[in-house]
Amino acid sequence: MVIVSNRVPAPKERQQLAGGLAVGLAEAIAGRETLWFGWSGDASDNVAAPQITTIENLTFARVDLTRSQVKGFYEGYSNGLLWPLMHYRVGLMEYRRADRESYEEANERFADALLPLLRPDDLIWVHDYHLIPLGAALRARGVRARIGFFLHIPFPPLALFEALPDCDSLLHDFAAYDLVGVQTRQDADHLDAAGRARGARLRVQAFPIGIDPDGFAAQARRAEAGRDVRRMVDSLGDRALILGIDRLDYSKGIPERLRGYERLLQRFEQHRNKVMMLQVAPVSRGEVAQYKALRRQLDELAGHINGSYAEFDWSPLRTITRSVPRGTLAGFCRLARVALVTPLRDGMNLVAKEYVAAQNGEDPGVLVLSRFAGAADELAEGALMVNPHDPDAIAEALDQALRMPRGERRRRWQAMDAAIHTATAAQWGTSFLADLERLDPQENAEADHAEP
């Protein structure tokens, strides 16, 4: 089993992994001899051979990139271009041909470093938008093993994707894979339609990524009695907690969420001094201009809301822009009366599923969820669905959630709990790999993957 991702954790960090990819892969690779290959996260102008460490059945192979590749491949093309494009934010795209060349160069670097580590009967699974050309680069080097790819972010309609100057080339890169997985049926339809329109032969399927609901529920129950959650309970008094948890990113709809919360305080005065909102938003990509501007916007909105509505014994909003331990967040999820999850567009949104898993089934909270979240179709029966661009809709949903009787809260939670137990992290990984293993790799070897 060969897993390829843009970043590979240092072996010593493997027990602290909390991201969706790491959690989802844990079950998929259990009991398999596995190689996990990718970028170390380090930049060096003296690029060396992969750093290889083996612990039991898992081998980590980590390669460095040059400083220019990090700037062009990672900061430029991947996160300055593909990320906003795939999240329907064409106006934030920054295209430079040099970045595209660096993107290709980095993927060629990965292919060269990975090739000597491969065996003929390996099963290769490549992950996410940083590595779309890797399959074609491996095919060009003679690799005929089964290669799958999973896109963890959305795929836009062709009319938007065509804004990418080299969209045809990238679509034909997808065709080098035996199987391409995406998060939702809509994403699969968009990618399939784009491939057909550009003559790229793709096999695309939706595999909704999930969580380990029972494991997260147990973690939340343990955290409930922990010091951090007790401190939160003491600070709340008898107020209800509204919780937001996101990486600080413009796709997450955090400013829109805060405006919706402000509208709650404006329109529904009965909730003043009766609620407190906590927004956890760890800063990432802090060196990118758009993220610096988002951080300033968050600080300004938080200051405005607290300045307008705070009392001497109550601040309506607290924000944290540093990482919070996963166990603490699980406890906060269990404590929160409402989770406010309002992405403008995202791949899946595991936070929404984790909030559901963390609840006390006898007295659960309410999920207010953007209709543009990847998890919206799965959780629509129980969540209060909103358009995040409408602050009044958010305010009305929050008011409804805060007033909702226990019986209705339980019915809604039971529907969502059933959904997150149907599509789990384990089921995601094992179902993708099972479908990939059933395919005849010669089908792909015989297909025409030449660029137009």
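Above: the structure in question.
These remarks concern the structure in this document.

**Some details on the packing of helix H12 (residues 326–335) against helix H13 (residues 350–358)**
To characterise two packed helices, one gives the angle between the axes of the helices and the distance between these axes. Interaxial distance between H12 and H13 falls to 8 Å at its minimum, and their mutual angle equals 65°. With respect to H13, the axis of H12 lies roughly perpendicular. For the element pair H12 and H13, the recorded crossing hand is right-handed. Side by side, H12 and H13 meet where Arg-326, Ala-330, Cys-333 and Arg-334 of the first sit next to Glu-354, Tyr-355 and Ala-358 of the second. A breakdown of the residues in the contact of H12 with H13 according to their chemical character gives 4 nonpolar, no polar and 3 charged.

**Digging into the sheet that holds strand S4 (residues 58–65)**
Strand order in the open sheet formed by 8 strands is S3-S4-S2-S1-S5-S6-S7-S8, with mixed pairing between adjacent strands. On the outer flanks of this sheet lie strand S3 (51–55) and strand S8 (204–206), each paired with one strand and no other. Across this sheet, the average inter-strand angle for adjacent strands is 20°, counted without regard to direction. Alignment of strand S5 (residues 123–127) against strand S6 (residues 146–150), held across 5 bridges, turns out to be parallel. Along S6, the bridge assignment pairs Ile-124 with Ile-147.

**A look at the pattern of salt bridges**
Under the criterion given, the structure shown has 32 salt bridges. Through salt bridges with shared partners, a single network forms among Arg-100, Glu-104, Asp-166 and Asp-173.

**Some thoughts on the sheet that holds strand S14 (residues 384–386)**
Backbone hydrogen bonds hold the strands of a sheet together, and the pairing may be parallel or antiparallel. Strand order in the open sheet formed by 6 strands is S11-S10-S9-S12-S13-S14, and the pairing between neighbours is parallel. Each end of this open sheet is capped by a strand with a single partner; those strands are strand S11 (317–320) and S14. When the angles between neighbouring strand axes are averaged without regard to direction, this sheet yields 20°. Note: strand S12 (residues 338–341) against strand S13 (residues 366–370), 4 bridges, orientation parallel. Residue pairing in the sheet places Leu-340 in a bridge with Val-368 of S13. Along the sheet, H12 makes contact with strand S9 (240–245) and strand S10 (275–280), crossing S9 at roughly 135°.

**Some thoughts on the pairing of strand S2 (residues 34–43)**
With 7 of 10 residues buried, S2 is to be regarded as a mostly interior element. Of the strand pairs in this sheet, S2 and S4 are connected by 7 bridges, and their pairing is parallel. Each residue of the ladder has a partner; that of Gly-38, found in S4, is Arg-62.

About the thresholds
Residues numbered from 1 in each chain as written. Predicted model: local features only at pLDDT ≥ 70, side-chain atom pairs only at ≥ 80, totals over all residues. Heavy atoms only, no water. Axes fitted to C-alpha atoms, helices over the stretch in contact; angles between N-to-C directions. Helix = DSSP H or I, 4+ residues; strand = E, 2+ residues; numbered from the N terminus. Parallel < 35°, antiparallel > 145°, perpendicular 65-115°, else oblique. Left-handed = near helix turned anticlockwise from the far one by under 90°. Contact = heavy atoms within 4.5 Å. Nonpolar A, V, L, I, M, F, W, Y, C, P; charged D, E, K, R; others polar. Pairing = 2+ DSSP bridges. Salt bridge = Lys/Arg side-chain N within 4 Å of Asp/Glu carboxyl O. Buried < 20%, exposed > 50% of the residue type's maximum accessible area, 1.4 Å probe, protein only.

Interpretation note: all reported values are geometric properties and have no functional meaning in isolation.
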